[in-house]
Amino acid sequence: MSRPKEDKMLYAFNKFLILILFLPLYSPSQNSYTFQHLTVEDGLLSNPFVNVFQDSDGFYWFSSVSGIQRYDGKTFITYRYVTHGTKNSTDEWVGRPLEDKKKNIWIVNDEGINIYQKAHRAFERLYMSDALDSNKNNVSCLLKDEQNIIWIITKQNIFQYDYSLRKQILCSNILGDMHSSIVSATFDRKKNKFWLLILKNGGYEIACFDYHKKQIKYLANSDVKKML
């Protein structure tokens, strides 16, 4: 499956989520913005794809295939991933960073989950128990709910992260069919359910998963191609 095709499906899925989750909360307001251009001359790593995240302390983090950088408004501090060299191609990618309740920064890249431990200023790998290859990513997305619980959505399952054990705990096996896979997900805080984008039978469909009832329900006429 090519990256451009998957990006189109995610774009359509995100449009759907905006309509059902955020449109009722929208109210017009006036805002003022200040723009600053950052380049490699300023210390930014030279990478074609960069995700930006602002943590609870106000620092900006730039994540790319090379590592992450903290920006305080003046200077960059760079932290590079400890990789195993299992993949080095133009298909490498990195997800948007996420901050946990201990202020550690989570990033998903081609090799899996990397957790930047602020206290130690170093990365820690989280190996998924349902991954066929420990050095190959099978995570679709990371989510954090209002209770600061970290949810890890893989191609087939949903996990919660246990801080005391420092490992993931399997909560639900959503897809038993290995020919189907979860592409992306989001958490509906009002309904306490997951919205899932699923690759099934060669097409993309939207489903709602009730975590408490362990039930999945596919939306009628949810072919994502129709939303493009």
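Now for a quick tour of the structure. (Residues numbered from 1 in each chain as written. Predicted model: local features only at pLDDT ≥ 70, side-chain atom pairs only at ≥ 80, totals over all residues. Heavy atoms only, no water.)

**Thoughts on unusual backbone geometry**
Inference 1: Positive phi values are uncommon outside glycine, yet Arg 121 reaches one of about 55 degrees.
Inference 2: The residue Arg 121 is located in the loop between β7 (112–117) and β8 (122–126) in this model.
Inference 3: Assessed through its relative accessible area of 63%, Arg 121 is described here as exposed. (Helix = DSSP H or I, 4+ residues; strand = E, 2+ residues; numbered from the N terminus. Buried < 20%, exposed > 50% of the residue type's maximum accessible area, 1.4 Å probe, protein only.)

**Concerning the pattern of salt bridges**
Inference 1: Within the structure shown, the criterion is met by five salt bridges.
Inference 2: Ionic pairing is found between Lys 103 and Asp 57, a salt bridge with its closest N-O pair at 3.0 Å. Taken together, the residues Lys 103 in the loop between β5 (98–99) and β6 (105–109) and Asp 57 in the loop between β1 (51–54) and β2 (60–63) connect sequence positions 46 residues apart.
Inference 3: By relative accessible area, which is 35% here, Lys 103 ends up partly exposed.
Inference 4: Between Glu 111 and Arg 125 there is a salt bridge whose closest N-O contact spans 3.8 Å. (Salt bridge = Lys/Arg side-chain N within 4 Å of Asp/Glu carboxyl O.)

**With respect to the packing of aromatic side chains**
Inference 1: Overall, the coordinates contain 14 aromatic pairs when judged by the stated rule.
Inference 2: Note on Phe 62 and Tyr 71: the rings are 6.3 Å apart at their centroids and 75 degrees apart in plane angle, and the pair reads as edge-to-face. In this structure, Phe 62 and Tyr 71 share a single accessibility class: buried.
Inference 3: A centroid spacing of 4.5 Å and a plane angle of 45 degrees characterise the contact between Tyr 79 and Tyr 116, whose relative ring orientation is tilted. (Phe/Tyr/Trp six-rings, centres within 6.5 Å; stacked < 30°, edge-to-face > 60°.)

**A short note on the side chain of Asp 145**
Inference 1: Topologically, Asp 145 is positioned in the loop between β9 (139–144) and β10 (150–154).
Inference 2: Separated by 2.9 Å, the side chain of Asp 145 and the backbone nitrogen of Ile 149 make a polar contact.
Inference 3: Filtering out sequence-adjacent residues up to four positions away, Asp 145 remains in contact with Trp 151, Phe 187 and Arg 189. (Polar contact = N/O pair within 3.5 Å; in protein donor to acceptor, adjacent residues only side chain to side chain. Contact = heavy atoms within 4.5 Å.)

**With respect to the nonpolar core**
Inference 1: Ranked by size, the top nonpolar core spans 17 residues in total, and within it Leu 143, Trp 151, Ile 153, Ile 158, Phe 194 and Leu 196 carry the most contacts.
Inference 2: When contributions to this core are tallied by element, the ones reaching two or more residues are β9, β10, β13 (181–188), β14 (193–200) and β15 (203–210).
Inference 3: Counting residues in hydrophobic clusters, the runner-up holds 15 residues, among them Leu 98, Leu 126, Ala 131 and Val 139. (Core = buried A, V, L, I, M, F, W, Y, C linked by side-chain atoms within 4.5 Å.)

**Description of the sheet that holds β5**
Inference 1: Strand order across the open sheet formed by four strands is β5-β6-β7-β8, with antiparallel pairing between neighbours. Edge strands, defined here as strands with exactly one partner in the open sheet, are β5 and β8.
Inference 2: Direction of pairing for β5 relative to β6: antiparallel, over a ladder of two bridges. Following the sheet pairing, Leu 98 is matched in β6 by Trp 106. (Pairing = 2+ DSSP bridges.)

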